[in-house]
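Residues per chain, in single letters:
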Amino acid sequence: MLPDGTARLVPVAAGPPLGVGGLPFEATELTLPEGSVVALYTDGLVGDRDRDVDHAARELCRALAAPAGSLDALCDSVLKAVMPEEPGDDVALLLARTRALDESQVATWDVIPDPARVAATRQAATEQLMAWGLTEIAFVTELVVSELVTNAIRYGEPPVQLRLIRDRTLICEVSDASSTSPHLRRAHAYDEGGRGLMLVAQLTQRWGSRQTGGGKTIWAEQALPAD
């Protein structure tokens, strides 16, 4: 749903079920204004043997466009308006509202794909954290930046880019042009490498990867220091 109150369906290509890893899928990218609401739902919300899917989809758009205040309230009103009385399948609905970040909250670097440049990239990230007043988490961030940038240089494809986002948390993103998704593996005691992502997973709140139009992005999220 856009800020002007209009809602529309976005056609996306069918992909593998959620939770099934290792299979390719097609990404869909949209540019949305701040304040837009994105609704992600399972087919059980609009699909039923006794319902017309197109009609149910139109009902969904009308329900999303109705004023409801908070996302929780909107979610409740959409479910009441659209969900069948006796669903024949599990129903899940996720709503998210877009918001823009100030330029001062984002720092981006184009990384030269040379292992010798990792130290300079790490130093640049540390200086940015100092400017943001986040020196308390600089040590962990240095390790995360080193591991993700090194992996992108070794196993990815140029161009490589590092981005730090200071919001409710600190997010470190490293992008490259390879579409190969990373995976955790347990290195043996005699292995010289293979511990990078495991280290990132242990040092941060959470991490993940997403496909982009030009490759992939691996991200890691850290809690901000308490005031």
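Residues numbered from 1 in each chain as written. Predicted model: local features only at pLDDT ≥ 70, side-chain atom pairs only at ≥ 80, totals over all residues. Heavy atoms only, no water.

Caption draft 1: Representation of the state of the cysteines. The full count for this structure, using the stated rule, is 0 disulfides. The thiol of C61 is unpaired, and the distance to the nearest cysteine sulfur, on C75, comes to 15 Å. With a relative accessible area of 16%, C61 lands in the buried category. (Disulfide = S-S within 2.5 Å. Buried < 20%, exposed > 50% of the residue type's maximum accessible area, 1.4 Å probe, protein only.)

Caption draft 2: Structural context of the nonpolar core. By size, the foremost hydrophobic cluster in this structure holds 25 residues, and its most contacted members are L129, W132, L148, V149, L162, C172 and V174. Of all the secondary-structure elements, those providing two or more residues to this core are β3 (106-111), α3 (118-132), α4 (138-155), β4 (160-166), β5 (169-176), α5 (196-203) and β7 (215-223). Those residues in contact with W132 that lie beyond four places of it in its chain are S104, Q105, V106, A107, L164, R166 and L170. With 13 residues, the next largest nonpolar core counts L60, A63, V78 and L93 among its residues. (Core = buried A, V, L, I, M, F, W, Y, C linked by side-chain atoms within 4.5 Å. Helix = DSSP H or I, 4+ residues; strand = E, 2+ residues; numbered from the N terminus. Contact = heavy atoms within 4.5 Å.)

Caption draft 3: Representation of the packing of α4 against α5 in the model. Packing of α4 against α5 brings their axes to within 9 Å, and their N-to-C directions diverge by 150°. Between α4 and α5, the angle falls in the class roughly antiparallel. Pair α4 / α5 crosses with left-handed handedness. Taking contact as the criterion, the partners of V140, L143, V144, E147, L148 and N151 in α4 are, on α5, G196, L197, L199, V200 and L203. A class-by-class count of the residues in the contact of α4 with α5 yields 8 nonpolar, 2 polar and 1 charged. (Axes fitted to C-alpha atoms, helices over the stretch in contact; angles between N-to-C directions. Parallel < 35°, antiparallel > 145°, perpendicular 65-115°, else oblique. Left-handed = near helix turned anticlockwise from the far one by under 90°. Nonpolar A, V, L, I, M, F, W, Y, C, P; charged D, E, K, R; others polar.)

Caption draft 4: Region of the structure containing the pairing of strand β6 (residues 206-212). As judged from the 7 bridges shared by β6 and β7, these two strands associate in the antiparallel manner. Note on β7: the bridge partner recorded for S209 is I218. Count of turn residues in the β6/β7 antiparallel hairpin: 2 residues. (Pairing = 2+ DSSP bridges.)

Caption draft 5: Representation of a nonpolar patch on the surface in the model. Taken together, V10, V12, L30 and L32 make up a surface patch of nonpolar side chains, about 310 Å² in accessible area. Turning to its location among the elements, V12 is positioned in the segment before β1 (37-41). (Patch = residues over 30% accessible without salt bridge, like charges linked within 9 Å, V, L, I, M, F, W, Y side chains within 5 Å. Areas by Shrake-Rupley, 256 points an atom, 1.4 Å probe, with all protein chains shown as cover. Salt bridge = Lys/Arg side-chain N within 4 Å of Asp/Glu carboxyl O.)

Caption draft 6: View of the pattern of salt bridges. Summed over all chains, the structure comprises 5 salt bridges. Note that D167 and R99 form a salt bridge whose closest N and O atoms lie 2.5 Å from each other. Here the residue D167 occupies a position in the loop between β4 and β5, and R99 occupies one in the loop between β2 (93-97) and β3, the gap between them amounting to 68 residues. Across the salt bridge formed by K216 and D176, the nearest N and O atoms sit 3.0 Å from each other. With K216 in strand β7 and D176 in strand β5, the pair connects residues that are 40 residues apart, well separated along the chain. Each member of the pair, K216 as well as D176, is classed as buried. Here the salt bridges do not stand alone but share partners, grouping R163, E173 and R210 into one network.

Caption draft 7: Structural view of the side chain of T204. Its place among the elements puts T204 in the loop between α5 and β6. Given the relative accessible area of 9%, T204 is considered buried. Once residues within four sequence positions are removed from consideration, T204 is found in contact with V144, A220, E221 and Q222.

Caption draft 8: View of the side chain of T121. With respect to the secondary-structure elements, T121 resides in helix α3. On the basis of relative accessibility, which here comes to 9%, the residue T121 falls in the buried class. Those residues in contact with T121 that sit more than four places away from it in its chain are V111, V145, V149 and L162.

What is shown is where atoms sit, not what they do.
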